[in-house]
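Examination of the molecular architecture
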Amino acid sequence: MKTFTSIAVIECSHSASSLWKSATSPVNGGNLKKVLPKGSFAPNLSRQFPEVEIVSNSNDILNDESIDLIILADPASSDLGIAAAALEAGKSVRIL
């Protein structure tokens, strides 16, 4: 099984946080680098994960060559385009 070293979460919300937190755990080899929050969840993320960059645009994640796994944590039908763009950019994608 591949170990991902640099992870980003898109559509991060409080309701899905327990799912992506376990997936990005250092115990699982993950290093959470960037998060695109959904709604008003950004201030909570900044307090919980001060070392993580909070972004406002999915392109900040898609264009980061160091990111090797993108987690779509609260997917909607519109996220199929984001998933396709991530795969085209050479990223692995996990949909929760």
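Residues numbered from 1 in each chain as written. Predicted model: local features only at pLDDT ≥ 70, side-chain atom pairs only at ≥ 80, totals over all residues. Heavy atoms only, no water.

When its secondary structure is counted, the chain shows four helices and five strands. Tracing the chain from N to C terminus, the helices and strands come up as β-α-β-α-β-α-β-α-β. For the chain, buried positions account for 44% of its 96 residues. Within the chain, counting contacts between residues at least 6 apart in sequence, those at least 24 apart form 61% of the total. Accessible area of the chain: about 5,200 Å², with a carbon and sulfur share of 52%. (Helix = DSSP H or I, 4+ residues; strand = E, 2+ residues; numbered from the N terminus. Buried < 20%, exposed > 50% of the residue type's maximum accessible area, 1.4 Å probe, protein only. Contact = heavy atoms within 4.5 Å. Areas by Shrake-Rupley, 256 points an atom, 1.4 Å probe, with all protein chains shown as cover.)

This next bit is on the side chain of Lys34. Residue placement: Lys34 occurs in strand β2 (residues 32-37). The buried category is assigned to Lys34, whose relative accessible area is 8%. A polar contact is formed between the side chain of Lys34 and the side chain of Asp64, at a distance of 3.0 Å. With residues up to four places along the chain from it excluded, the contact list for Lys34 reads Ile7, Ala8, Val9, Val52, Glu53, Val55, Asp60, Ile61 and Asp64. (Polar contact = N/O pair within 3.5 Å; in protein donor to acceptor, adjacent residues only side chain to side chain.)

Another point: the pattern of salt bridges. A complete count under the given rule lists three salt bridges for this structure. A salt bridge links Asp64 to Lys34, with the nearest nitrogen and oxygen atoms 3.0 Å apart. Here Lys34 lies in strand β2 and Asp64 lies in the loop between α3 (58-62) and β4 (69-72), a separation of 30 residues in the sequence. Taken together, the shared-partner salt bridges connect Lys33, Lys34, Glu53 and Asp64 into one network. (Salt bridge = Lys/Arg side-chain N within 4 Å of Asp/Glu carboxyl O.)

Right, let's talk about the environment of Pro37 for a bit. Structurally, the position occupied by Pro37 is in strand β2. The buried category is assigned to Pro37, whose relative accessible area is 18%. C-alpha separation for the pair Pro37 and Ile54, spaced 17 residues apart in sequence, amounts to 7.3 Å.

In this structure, Ala8, Ile10, Leu36, Val55, Ile61, Leu62, Ile67, Ile70, Leu72, Ile82, Ala83 and Ala86 together form the largest nonpolar core, which totals twelve residues. If one sorts the elements of this core by residue count, helix α4 (residues 79-88) sits on top with three residues. (Core = buried A, V, L, I, M, F, W, Y, C linked by side-chain atoms within 4.5 Å.)

A word on the pairing of β4. Of the two faces of β4, the one lined by Leu69 and Ile71 and the one lined by Ile70 and Leu72 are each fully buried. The sheet contact formed by β4 and strand β5 (residues 92-95) spans four bridges and is parallel. Within β5, the position partnered with Leu69 by the bridge is Ser92. (Pairing = 2+ DSSP bridges.)

Positionally, Lys91 belongs in the loop between α4 and β5. Buried charged residue Lys91 carries no salt bridge. Nearest counter-charge: Asp64, at 5.7 Å. Reaching out from Lys91, the side chain makes a polar contact with the backbone oxygen of Ile67 at a distance of 3.0 Å. Beyond its immediate chain neighbours, meaning those up to four positions away, Lys91 contacts Ile61, Leu62, Asp64, Glu65, Ile67, Asp68, Ile70 and Ala86. (Lys, Arg positive; Asp, Glu negative; His and termini not counted.)

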